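Now for the letters of each chain:
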Amino acid sequence: MSFGLDEDLTAVRDMAAAFAADHIAPHALEWDETKHFPVQTLREAAALGMAGIYVREDSGGTGMGRIEAALIFEALSTGCPTVAAFLSIHNMCAWMVDAYGSDEQRARFLPGLTTMDAIASYCLTEPGSGSDAAALRTRAERDGDHYVLHGEKQFISGAGASDLYLCMVRTGEAGPRGISAILVEKDTPGLSFGANERKMGWNAQPTRAVRFDGCRVPVANRLGAEGEGFKIAMSGLDGGRINIAACSLGGAQAALDKALAYMGDRRAFGAKLTDFQALQFRLADMQTALTVSRTFLHHAARALDAKSPEATQLCAMAKRHVTDAAFEVANQALQLHGGYGYLAEYGIEKIVRDLRVHQILEGTNEIMRMIVARSLIGGR
């Protein structure tokens, strides 16, 4: 549906949808089965401007906003939510370099990031700190013009394959004010990775622990001042929540489309499945859920673009509502396929597996409720 989209926004969405249909969807099941990370396909997306969506044009990006990003990631996710979600993570890292980096850092890193000749990973979560991100323990001790890093990050998308790791580390006191952001380049001595995790979904991107054992990183690789890392980390999460919600929306839309096509062909009791009113009502509820989710998601994205004081609350609402609704729609689409929905070749069970983690990452949906509740209570 194009309601509320002008000609430019419609063109952006259609470009991403065409790319997904031609370059992602035909390979999604194979990539999932073989755990293939499609770097070349990501670089082809980057050639169309999708690796620096909200990086400034003078830094090599496309200079678009969060509403454009929501449209792009929803469209890409109709091909594969896993691939789209990784591209979202990479975009967040590129944006952080552009927003918080020095002129030298932007000139050094962004040409590779916006083309995806260099791939980026975001390293915040640790084995002992997930939702409580400010409790992170990875330390960076100053040693002349270097930091020496010790610690471990967990659940890092792209780890082992990426070229640049944007890491939140402790350079000072306990709590958020002691955290700094540091860019760690691949092949840095002391940087290593765990085994590729065996996961329920998201198989087309590697997920590993990132380990630092006396890893020496130049002070020149720090983003912003010491102690600003937590602020930098949190600044990326509103947009990340919009993006992961968009990825859920695209996956669920693909699942609904598959269910509708299947039901138009499948016959039972002498009639097509689409002829049964009970199933028609279920389809209507699924379509309504996705349309409501899309409308609210775009509202939150526009609020973020406008720097509305309500943006953080709206992004948390959108992330919680959309990822929950989209997972339910995908699960219902599987049910409507009957036993065939449980078979890998139909592609529905993959979507269900991929979308489940969206209710956990970028802040669990329980944390989203806490953000909304605090904004309500604090405003009284």
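Please refer to the structure higher up on the page.
First, a word on what this report is: a plain description of the structure on this page. Note that the structure is a prediction, hence the values are computed from the model and not measured.

About the cut-offs
Residues numbered from 1 in each chain as written. Predicted model: local features only at pLDDT ≥ 70, side-chain atom pairs only at ≥ 80, totals over all residues. Heavy atoms only, no water. Core = buried A, V, L, I, M, F, W, Y, C linked by side-chain atoms within 4.5 Å. Buried < 20%, exposed > 50% of the residue type's maximum accessible area, 1.4 Å probe, protein only. Contact = heavy atoms within 4.5 Å. Salt bridge = Lys/Arg side-chain N within 4 Å of Asp/Glu carboxyl O. Helix = DSSP H or I, 4+ residues; strand = E, 2+ residues; numbered from the N terminus. Expected span 1.5 Å × (residues − 1). Bend = angle between axes of the 7 residues up to and from the residue.

Judged by nonpolar contacts, the single largest core of 101 residues is most densely connected at L76, Y122 and M168. Excluding residues that lie within four positions of it along the chain, M168 makes contacts with Y122, C123, L124, L136, K153, I179, S180, A181, G229, I232 and A233. Of all hydrophobic cores here, the second largest spans 17 residues; its members include C123, A140, C167 and I182.

Overall, the coordinates contain 15 salt bridges when judged by the stated rule. The partner of D103 in a salt bridge is R106, and the shortest N-O contact between them spans 2.2 Å. Of this pair, D103 and R106 are both found in helix α6 (residues 103–115), 3 residues apart, which corresponds to roughly one turn of the helix. For D103, a relative accessible area of 58% corresponds to the exposed category. With a shortest N-O distance of 2.5 Å, D354 and K350 are connected by a salt bridge. Of this pair, D354 and K350 are both found in helix α10 (residues 348–356), 4 residues apart, which corresponds to roughly one turn of the helix. The same class applies to D354 as to K350, namely buried. Residues joined in a network through salt bridges with shared partners are D32, E349 and R353.

Below, the discussion takes up α6. Along an α-helix, a turn takes 3.6 residues, which lines up residues three or four apart on a common side. If you check α6, its first and last C-alpha atoms are 19 Å apart, about what 13 residues at 1.5 Å a residue would give, namely 18 Å. When the local axis directions of α6 are compared, the greatest deviation, roughly 40°, occurs at F109, which is followed within four positions by the proline P111. Taken together, the buried positions of α6 are occupied by Q105, R106, F109, L110, G112, L113 and T114. Buried residues belonging to α6 abut α3 (39–47), α5 (81–100), β1 (120–123), β4 (164–170), β5 (179–185) and β8 (222–223). At the C-terminal side of α6, M116 shows a positive phi close to 60°.

Once that is clear, we can look at the side chain of N365. Relative to the assigned elements, N365 resides in helix α11 (residues 365–378). By relative accessible area, N365 is classed as buried at 2%. What N365 contacts, discounting residues up to four positions off in sequence, is K319, R320, T323, D324, H358 and Q359.

Honestly, it's all geometry; don't read function into it.
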